[in-house]
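Structural characterization, general
Given next are the chains, with one letter for each unit.
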Amino acid sequence: MSRVEHLALRRREALCEPHHPKPFLKWAGGKRQLMPVLKEHLPPSFKGYYEPFVGAGAMLFDLQPRQAVINDLNRDLITCYKVIKKHPQDLIAYLKSHRNDKDYFYELRALDRHPEYDQMCEIMRAARMIYLNKTCFNGLFRVNRKGHFNAPFGNYRNPNIVNEEGLMAVHRYISRGRLQVFNTDFEEAVQTARRGDFVYFDPPYDPLSETASFTGYQSGGFGRQEQYRLMCVVTELTRRGCRVMLSNSSTEYIRSLYKDFKIVRVAAHRMINSVGSGRGKIDEFLITNYDPETGALLGQKRTRSSYTALAI
Ligand SMILES: C[S@@+](CC[C@H](N)C(=O)[O-])C[C@H]1O[C@@H](n2cnc3c(N)ncnc32)[C@H](O)[C@@H]1O
């Protein structure tokens, strides 16, 4: 299906479907506000869709591909997708039992400090994740070095803890078609990608400065070694004939990693930043290994060895 046909179909479906699926969590680095620009750079057509750093899934829910592989290393986040797919009504029932109360919030937040947390039932974990996301300060999922959720109580008067219609719209989308959900490293998540597939990478960003990075997705962080490893994966996908789009910050390191590809600067609004002064417009890079007009692949002669000088 071509890009134009695909977007027209999405529009028709959105008109018939009163509750269009949308991200059900607020997520640092979420791409909702950038979607119009990202969509201008999609490949003209593609077969399967891969999103190895799915987060809240702004691109996924906008495109609603019928055949998709989504993945994220954050276990609680992926548990939410799985539970919404299989047990939406039980999830909604649990969410209804949660209260917007400071003491209650901290009680629930503290659960991941206990060794039994790993054994907790998936529906309760998903309900906790959504509840904390809706009631914490700035709607920010953030963990400390030990992997414990550490955003403070938000003190909002009326947070939308139970968005029943929104969750059911997400359920309808992710349970029709062929959507596979994984909780692993990005490299493993794209193992099955083949010629004609489209992969959108939205990794944690290369920091613009030592103090300006958001590292709270999980305890391990995502440093330059990981950025380099990601470039090697993109090079391999290019060799296989996959179309790849990648978002990242506009640093010189990122430019040098992807210099054989198409790199455009896009202006993004910073929605969540621990430093208030860091909010506002900021440039970032949108990188594609194809020409968005024709779909022709670029950089197919790249080899990993031409980049070893950039390895950290
Ligand atoms: C910038 S966010 C993605 C935001 C997403 N595009 C959205 O619209 O919400 C980056 C995501 O990468 C995930 N992540 C970090 N390291 C990872 C890894 N090695 N493999 C897979 N996912 C990873 C984080 O948990 C986080 O959700």
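A separate point is the overall build of the chain. The helix and strand inventory of the chain stands at 11 helices and 7 strands. The buried share of the chain, taken over its 312 residues, is 36%. A fraction of 75% describes how many contacts in the chain between residues 6 or more apart in sequence connect residues 24 or more apart.

To continue, consider helix α8 (residues 164–175). Taking 1.5 Å of rise per residue, the 12 residues of α8 would be expected to cover 16 Å, and the 16 Å separating its terminal C-alpha atoms lies within 8% of that figure. Within the sequence span of α8, burial applies to Leu-167, Val-170, His-171, Tyr-173 and Ile-174. Here the buried face of α8 lies against α4 (75–86), α5 (88–96) and β3 (178–182). Among the residues trailing α8, Gly-177 stands out with phi positive, at a value near 50 degrees.

This part covers the environment of Pro-292. Note that Pro-292 resides in the segment after β7 (280–288). Once the C-alpha coordinates of Pro-292 and Met-245 are considered, the two residues, 47 residues apart in sequence, prove to be 10.0 Å apart. Beyond its immediate chain neighbours, meaning those up to four positions away, Pro-292 contacts His-41, Leu-42 and Pro-43.

Moving on to the site of the ligand. Around the ligand, the structure places 21 residues, and the nearest of them are Gly-29, Phe-53, Gly-55, Ala-56 and Ala-58. Its residues assigned to classes, the shell around the ligand comprises 11 nonpolar, 6 polar and 4 charged.

This part is about the packing of α5 against helix α7 (residues 122–135). In a packed pair of helices, the relevant descriptors are the angle between the two axes and the axis-to-axis distance. Across the interface, α5 lies against α7 with an axial gap of 9 Å and an inter-helix angle of 55 degrees. By the angle class used here, α5 and α7 are oblique. Handedness of the crossing formed by α5 with α7: right-handed. Contacts between α5 and α7 involve Asp-90, Leu-91, Tyr-94 and Leu-95 from the first element and Ile-123, Met-124, Ala-126, Ala-127, Ile-130 and Tyr-131 from the second. Its residues assigned to classes, the contact of α5 with α7 comprises 9 nonpolar, no polar and 1 charged.

Core analysis: the largest hydrophobic core is formed by 66 residues, its most contacted members being Leu-91 and Val-199. Broken down by element, this core gets its largest block of residues, 7 residues, from α7. When residues are assigned to domains, this core turns out to be shared by domain 1 (3–73 + 184–310) and domain 2 (82–165), each giving three or more. Setting aside residues up to four positions removed in sequence, Leu-91 forms contacts with Val-83, Ile-84, Ile-123, Ala-126, Ala-127 and Leu-167.

Here we take up the packing of α5 against α8. Remark: α5 packs on α8, axes separated minimally by 10 Å, with the N-to-C direction vectors making an angle of 155 degrees. Here α5 lies roughly antiparallel to α8, going by the angle between them. When you trace α5 past α8, the crossing you get is right-handed. Every residue of α8 that contacts α5 at Pro-88, Leu-91 and Ile-92 is listed here: Glu-164, Leu-167, Met-168 and His-171. A breakdown of the residues in the contact of α5 with α8 according to their chemical character gives 5 nonpolar, 1 polar and 1 charged.

Reading guide: rules and limits
Residues numbered from 1 in each chain as written. Predicted model: local features only at pLDDT ≥ 70, side-chain atom pairs only at ≥ 80, totals over all residues. Helix = DSSP H or I, 4+ residues; strand = E, 2+ residues; numbered from the N terminus. Buried ≥ 20, exposed ≤ 12 C-beta atoms within 10 Å, placed from the backbone. Contact = placed C-beta atoms within 7 Å. Expected span 1.5 Å × (residues − 1). Near = placed C-beta within 6 Å. Nonpolar A, V, L, I, M, F, W, Y, C, P; charged D, E, K, R; others polar. Axes fitted to C-alpha atoms, helices over the stretch in contact; angles between N-to-C directions. Parallel < 35°, antiparallel > 145°, perpendicular 65-115°, else oblique. Left-handed = near helix turned anticlockwise from the far one by under 90°. Core = buried A, V, L, I, M, F, W, Y, C linked by C-beta atoms within 7 Å. Domains from an automatic or database assignment.

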